[in-house]
Amino acid sequence: MEGLEKILYFVSLSFYAVTAITAFSGFFTVRRYRAFYALAIVLLGALIGVRWYHAAHPPIFGTYEESLSASFAVTLFSLFLDREGRFARFTAALSFITLGYGSFFDSSLKPLVISEQSLWVEFHALFAWIAYGFHAIVFAAAIGILIKKEETVDAPSVSLSSTSLRTGRAGLSDWLMRKGLVYGFIGQTVFFVIGSYYSARLHGRWWMWDAVEYLFVVSWLIYAVAMHGRILSGWSNKRTAAWIAAGFAALMLLYWGLIYFPHSTYHIFDIEFKTHFP
């Protein structure tokens, strides 16, 4: 990371810090929230573009590049689903922490091995981050439901009070939870199908008995149960939210935790940790 990329990184990181502080201060209105998030998307999008240009591939390899994609996905889908910024405290803080976390890893440019030079890998990663972005919003809505004592539906307001930022409105939380759950589940399913197809082409089999695959199945089943329980069985908001919280915990381990167990998977792209099964 050097030159323009380094400047854009620290500008983006600083702006996310300001955004998170502003969200926690209760200073956000709907208009300010949208303006802050739109500017964050522009800044981080420019950083991703510069990294993409220099690396000659999308920023999806290694924890540093993944932190850029993750923060961008969370911010973009927050603006798409959480249009009033009810959960800006969580999404701004998560994006800032994720972006800062990436700085602890090697950001130097490295050539890709042959197996990584494929559009299938890029589409696989694209849908992985789409799923992650939606599931992050779903988790925020679920927490809003779990910590709210009563499940009442309030009309939307035009400003973001401290209380609404902390808990959200029950009706809005439920809407976000249901919408985001479906979108995230679809994205998760598509990224698994693409990954399995490419694995079959690369290794001759669609299932590799890899830790990433185990964790994917666990998180996917948790979200599937939550979605079907809410839509088909009439589960309460709180019961659904509890399952979603468990699903997101599995998802965080899937996306960010396995790097600390490098011999458990070949899905690691940080050179300092990287290992491949024979």
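Residues numbered from 1 in each chain as written. Predicted model: local features only at pLDDT ≥ 70, side-chain atom pairs only at ≥ 80, totals over all residues. Heavy atoms only, no water.

Caption draft 1: Fine view of the overall build of the chain. From N to C terminus, the chain includes nine helices and zero strands. Secondary structure elements of the chain, listed N to C terminal, follow the sequence α-α-α-α-α-α-α-α-α. Going through the 278 residues of the chain one by one, you find that 52% of them count as buried. Accessible surface, the chain as shown: approximately 13100 Å² in total, 69% of it carbon and sulfur. (Helix = DSSP H or I, 4+ residues; strand = E, 2+ residues; numbered from the N terminus. Buried < 20%, exposed > 50% of the residue type's maximum accessible area, 1.4 Å probe, protein only. Areas by Shrake-Rupley, 256 points an atom, 1.4 Å probe, with all protein chains shown as cover.)

Caption draft 2: Focus on the layout of surface pockets. Within this model, the second largest pocket holds a volume of roughly 330 Å³. Lining the second largest pocket are 17 residues, and of these Trp52, Ile60, Ser69, Leu126 and Trp129 sit closest to its centre. At the level of elements, helix H2 (30–55), helix H3 (63–81) and helix H5 (119–146) are the ones that each hand at least two residues to the lining of the second largest pocket. No other element matches H5, which puts seven residues into the lining of the second largest pocket. Split into classes, the residues belonging to the lining of the second largest pocket amount to 15 nonpolar, one polar and one charged. (1 Å grid on protein atoms, 1.4 Å probe; cavity = no way out; pocket = protein on both sides within 12 Å on 5 of 7 lines; lining within 4 Å. Points joined across faces, edges and corners; volume = space filled by probe spheres on them. Nonpolar A, V, L, I, M, F, W, Y, C, P; charged D, E, K, R; others polar.)

Caption draft 3: Molecular detail of the environment of Tyr16. Tracing the backbone shows Tyr16 in helix H1 (residues 3–25). Given a relative accessible area of 3%, Tyr16 falls into the buried group. Sequence separation of Tyr16 and Ala93 is 77 residues, and the distance between their C-alpha atoms is 7.8 Å. Those residues within four positions of Tyr16 in sequence are excluded, and the remaining contacts are Ala40, Leu44, Ser71, Thr75, Ala92, Ser95, Phe96 and Leu99. (Contact = heavy atoms within 4.5 Å.)

Caption draft 4: Spotlight on the environment of Gly26. Take Gly26: it is sitting in the loop between H1 and H2. Since its relative accessible area comes to 30%, Gly26 is described here as partly exposed. The spacing of Gly26 and Arg89 is 63 residues in sequence and 9.2 Å in space, taken between C-alpha atoms.

Caption draft 5: Main features of the nonpolar core. Ranked by internal contacts, the top residues of the largest apolar core, which has 47 residues, are Trp129, Tyr132, Met177, Ile244 and Tyr255. Those elements that provide at least two residues to this core are H3, H5, helix H7 (170–203), helix H8 (211–231) and helix H9 (237–257). Residue contributions to this core peak at 15 residues, all from H5. Contact partners of Tyr255, with chain neighbours within four places excluded, come to Ala128, Trp129, Ala131, Tyr132 and Phe191. (Core = buried A, V, L, I, M, F, W, Y, C linked by side-chain atoms within 4.5 Å.)

Caption draft 6: Broad picture of the pattern of salt bridges. The final tally for this structure, using the stated rule, is three salt bridges. Two residues, Glu65 and Arg51, come together in a salt bridge whose shortest N-O distance is 2.9 Å. Of the two residues, Glu65 sits in helix H3 while Arg51 sits in helix H2, which places them 14 residues apart along the sequence. There is no split in this pair, since Glu65 and Arg51 are both buried. Of the charged contacts, one joins Glu84 and Arg86 as a salt bridge, the two residues approaching to 2.5 Å between their closest N and O atoms. The pair Glu84 / Arg86 is uniform in exposure class, with both members buried. Among the charged side chains, a salt-bridge network with shared partners connects Glu5, Arg51 and Glu65. (Salt bridge = Lys/Arg side-chain N within 4 Å of Asp/Glu carboxyl O.)

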